[in-house]
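Notes for the structure review
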Amino acid sequence: MSLIEVQDLTKTFRQAVKAPGLVGAVKHMFTQKYREKQAVNGISLSIEAGEAVAYVGPNGAGKSTTIKMLSGILVPTSGSVMVDGVVPHKQRTDNARTIGAVFGQRTQLWFDLPIIESFALLKDIYEIPEAVYRYNMDRFTELLSLDEFLHQPTRKLSLGQRMRADLAAALLHNPRIVYLDEPTIGLDIAVKVKIREFIKQMNREQGTTIILTTHDLEDIEDICRRLVIIDQGRIIYDGSLQAVKDAFARERTIHFQLSQPLSGNEHLLTDWPGAVVEQKDGQHIAIRFDRFEVSASEVVSRVMRLGEVIDFRIDEPKIEHVIRRVYEGELVLTDAEPPKAMVAND
Ligand SMILES: Nc1ncnc2c1ncn2[C@@H]1O[C@H](COP(=O)(O)OP(=O)(O)O)[C@@H](O)[C@H]1O
Ligand SMILES: [Mg+2]
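Notes on the structure in this doc start here. (Residues numbered from 1 in each chain as written. Chains lettered and ligands numbered in written order. Predicted model: local features only at pLDDT ≥ 70, side-chain atom pairs only at ≥ 80, totals over all residues. Heavy atoms only, no water.)

Here we look at the site of ligand 1
Applicable threshold: We call a residue near a given molecule or strand whenever any one of its heavy atoms falls within 4 Å of it. Counting of polar contacts relies on pairs of N or O atoms within 3.5 Å, with two restrictions inside protein: one atom must be capable of donating a hydrogen and the other of accepting it, and residues adjacent in sequence are counted only when both atoms are side-chain atoms. Note that accessible areas follow from Shrake-Rupley with a 1.4 Å probe, and for residues the cover is restricted to the protein chains shown. Helix and strand labels come from DSSP, where a helix needs a run of H or I of at least four residues and a strand needs a run of E of at least two; each type is numbered from the N terminus. Each residue receives one of three labels: charged for Asp, Glu, Lys and Arg, nonpolar for Ala, Val, Leu, Ile, Met, Phe, Trp, Tyr, Cys and Pro, and polar for the others, Gly being one of them.
Surveying the vicinity of ligand 1 reveals the residues Phe13, Gln15, Lys37, Ala39, Pro58, Asn59, Gly60, Ala61, Gly62, Lys63, Ser64 and Thr65. Glycine 60 places a main-chain nitrogen or oxygen 2.7 Å from an oxygen atom of ligand 1. Expressed as a share of its isolated accessible area of 570 Å², the protein-covered part of ligand 1 is 66%. Mapped onto the shell around ligand 1, the elements with two or more residues apiece are strand S1 (4-16), strand S2 (34-47) and helix H2 (63-70). Considered class by class, the residues forming the shell around ligand 1 number four nonpolar, six polar and two charged.

What follows is the structure, encoded as structure tokens:
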């Protein structure tokens, strides 16, 4: 059995249908119209210990609702969730020992308490042994630079500081699983990088299982190997991040460094279907090509005929571009298998 087992999970919300404003609110008191919103619509997932899974999808797709059911905050309408042998919303105490959770939108720390005291309370609540607490505090303080605000109350922290504190709080009791719902939303790049490094370390070194929802697709590229995409409450893709890239990101760019500027023979680079010279300044050229039409070795050998190549590097496509196209309905992914016509020739 996997660490997390989800079968045919659904969640239906009853949403009030009312006209805006006070008049609408008063009318609603008498008419009480509701409509059903199927936020999660039959999701099945198995997640193994030690995985780092990105759970992405457009706004309103049902990501947070899923995470809340996995973490035991919400009761499913139907279907089943089993996390480390426990039904989260039924065995909440057992579940709490296994998991940590960070919800980007709101803090789980005591608002008026200095951070260090919130941590001390968590130590008591989770009965964290002194040695573990010391070890984690030292480590987290260093990795997340907590010392600059450990003695300040939560309410005085900036968003980035608060998020670092929340992350540390969620991991203090060495949970096997952490759910991170938009942990980098609204943060500047330096803080994002710090948070990503931290999550990555916990996953790689500690074997902590990570379930991450994020708008920031750079987060997932950095942290996750598995990608689950949901749309309108249903999973539309579940497979490796690399498989999506390999199958659907057709474009590659190769940057070359030459021993001397090209002299007069550049025309050999034009008139080449499937490839475009993107940048050309003296000893540097970059060639963008469709790898389903031209192979990387063809590009390299052609440039080598023009001049002496000192160095070259191939740019991987950004997963961001691929996922956007999935959201926009341009790409249809059913499973990790690429369509036959899209098998690359490099
Ligand atoms: N407590 C709630 N009551 C009513 N509708 C809700 C509630 N929470 C979420 N929804 C609706 O369920 C859908 C999925 O929401 P959510 O899971 O928050 O999406 P995501 O996190 O992917 O943006 C949305 O249409 C949202 O409006
Ligand atoms: Mg959400």
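A closer look at the nonpolar core
Our working definition: The definition of a nonpolar core used throughout is a set of buried Ala, Val, Leu, Ile, Met, Phe, Trp, Tyr and Cys residues joined through side-chain atoms within 4.5 Å. The buried label applies to any residue whose accessible area, calculated with a 1.4 Å probe on protein chains only, is under 20% of its type's maximum; exposed applies above 50%, and partly exposed to all values in between.
Phe119, Ile220 and Leu227 are the most contacted members of the largest nonpolar core, which has 49 residues in total. Top element by residues in this core is helix H6 (residues 159-171). It accounts for seven residues. Within the second largest apolar cluster, 25 residues are counted, among which are Leu9, Val53, Val81 and Ala101.

Focus: the packing of helix H4 (residues 115-125) against helix H5 (residues 130-144)
Two packed helices can be described by the angle between their axes and the distance between those axes. Note the cut-off: Inter-axis angles, ranging from 0 to 180 degrees, are taken between N-to-C directions of lines fitted to C-alpha atoms, where helices are fitted over the stretch in contact. Crossing chirality is assigned from the near helix's rotation relative to the far helix, an anticlockwise turn below a right angle marking it left-handed and a clockwise turn marking it right-handed. Here, two residues are considered to be in contact whenever any of their heavy atoms come within 4.5 Å of each other.
Between H4 and H5, the least distance of the axes is 11 Å, while the angle of their chain directions is 145°. Crossing of H4 against H5: the hand is right-handed. For the pair formed by H4 and H5, the contact residues are Ile116, Phe119, Ala120 and Lys123 on the first element and Glu130, Tyr133 and Met137 on the second.

Things to note about the sheet that holds strand S6 (residues 177-181)
In a beta sheet, neighbouring strands pair by backbone hydrogen bonds and run either parallel or antiparallel. Condition: A pair of strands counts as paired when DSSP detects no fewer than two bridges linking them.
The strand order across the open sheet built from six strands is S5-S6-S7-S3-S8-S9, with neighbouring strands paired in mixed fashion. Each of the sheet's edge strands pairs with one partner strand only, and the pair in question is strand S5 (99-103) and strand S9 (234-240). Put simply, the sheet's adjacent strands are angled 15° from each other on average, direction ignored. Across four bridges, the pairing between strand S3 (residues 52-56) and strand S8 (residues 226-231) is parallel. Across the sheet, the residue bridging to alanine 54 is leucine 227, located in S8. Where H2 meets the sheet, it contacts S3, S5, S6, strand S7 (209-213) and S8, and its direction lies at approximately 135° from that of S3. Sheet strands in contact with H6 are S5 and S6, and its direction is about 165° off that of S5.

A word on the environment of lysine 123
Position of lysine 123 among the secondary structure elements: in helix H4. A residue is classified by how much of its surface remains accessible, and lysine 123, at 17% relative accessible area, is buried. Linking lysine 123 and isoleucine 314, residues 191 residues apart in sequence, is a C-alpha distance of 48 Å. Among all residues touching lysine 123, those that are not within four sequence positions of it are Ile128, Glu130 and Tyr133.

Let's talk about the pattern of salt bridges
Which entries qualify depends on this criterion: Note on definitions: salt bridges are taken to be side-chain nitrogens of Lys or Arg within 4 Å of carboxyl oxygens of Asp or Glu.
Going through the model one piece at a time under the given rule, you end up with 17 salt bridges. Between arginine 134 and glutamate 130 there is a salt bridge whose closest N-O contact spans 3.5 Å. Highlighted residues: arginine 134 and glutamate 130, both in helix H5, separated by four residues, approximately one helical turn. Each member of the salt-bridge network shares a partner with another, and the members are Lys192, Arg196, Asp216, Glu218 and Asp219.

Regarding the pairing of S7
The buried fraction of S7 amounts to five of the five residues, a majority that puts the element mostly inside the structure. Side chains of S7 alternate between two faces, with Thr209, Ile211 and Thr213 and Ile210 and Leu212 buried alike. Sheet topology places S3 next to S7; three bridges connect them, and they run parallel. From the neighbouring strand, alanine 54 faces S7, where its bridge partner is leucine 212. Sheet topology places S6 next to S7; five bridges connect them, and they run parallel.

Considerations on the environment of glutamine 283
Relative to the helices and strands, glutamine 283 resides in the loop between strand S11 (275-281) and strand S12 (284-290). For glutamine 283 and isoleucine 310, which are 27 residues apart along the polypeptide, the C-alpha to C-alpha distance reads 9.6 Å. Those residues in contact with glutamine 283 that sit more than four places away from it in its chain are Phe256, Gln257, Leu258, Ser259, Gln260 and Pro261. Here serine 259 takes part through its backbone oxygen, which lies 3.3 Å from a polar atom of the side chain of glutamine 283.

Regarding the layout of surface pockets
Heads up, the condition is: Whether a set of points on the 1 Å grid over the protein atoms alone is a cavity depends on a 1.4 Å probe fitting there but being unable to get out, while an open set qualifies as a pocket with protein on both sides within 12 Å along at least five of seven lines; lining residues are those with an atom within 4 Å of a point. Grid points are joined across faces, edges and corners, and a volume is the space filled by probe spheres set on the points.
Considering only enclosed or pocket space, the largest pocket measures out at about 420 Å³ in volume. Residue lining of the largest pocket: 20 residues in total, with Ala96, Ile99, Ala101, Gln108 and Tyr126 positioned closest to the centre. Looking at the lining of the largest pocket, the elements with two or more residues in it are helix H3 (92-98), S5, H4 and H6. In terms of residue count, S5 provides more of the lining of the largest pocket than any other element does, four residues in total. Looking at the lining of the largest pocket residue by residue, the classes come out as 12 nonpolar, five polar and three charged.

Overview of the packing of aromatic side chains
Put simply, the rule is: Paired rings are identified among Phe, Tyr and Trp, the last through its six-membered ring, by centres lying within 6.5 Å, and are further divided according to the angle between planes into stacked (under 30 degrees), edge-to-face (over 60) and tilted (the rest). The rule for a charge over a ring is simple: NZ of Lys or CZ of Arg within 6 Å of the ring centre, and within 35 degrees of the ring normal.
One pass over the structure, following the stated rule, counts two aromatic pairs. Ring plane angle 35° and centroid distance 5.8 Å describe the contact between phenylalanine 256 and phenylalanine 312, whose orientation is recorded as tilted. Within this pair, whereas phenylalanine 256 is found in strand S10 (residues 251-258), its partner phenylalanine 312 is found in strand S13 (residues 309-315), the two being separated by 56 residues in sequence. Cation over ring: arginine 14 sits above tyrosine 34, and NZ or CZ is 3.8 Å from the ring centre. The side chain of lysine 123 reaches across the aromatic face of tyrosine 133, ending 5.6 Å from its centre.

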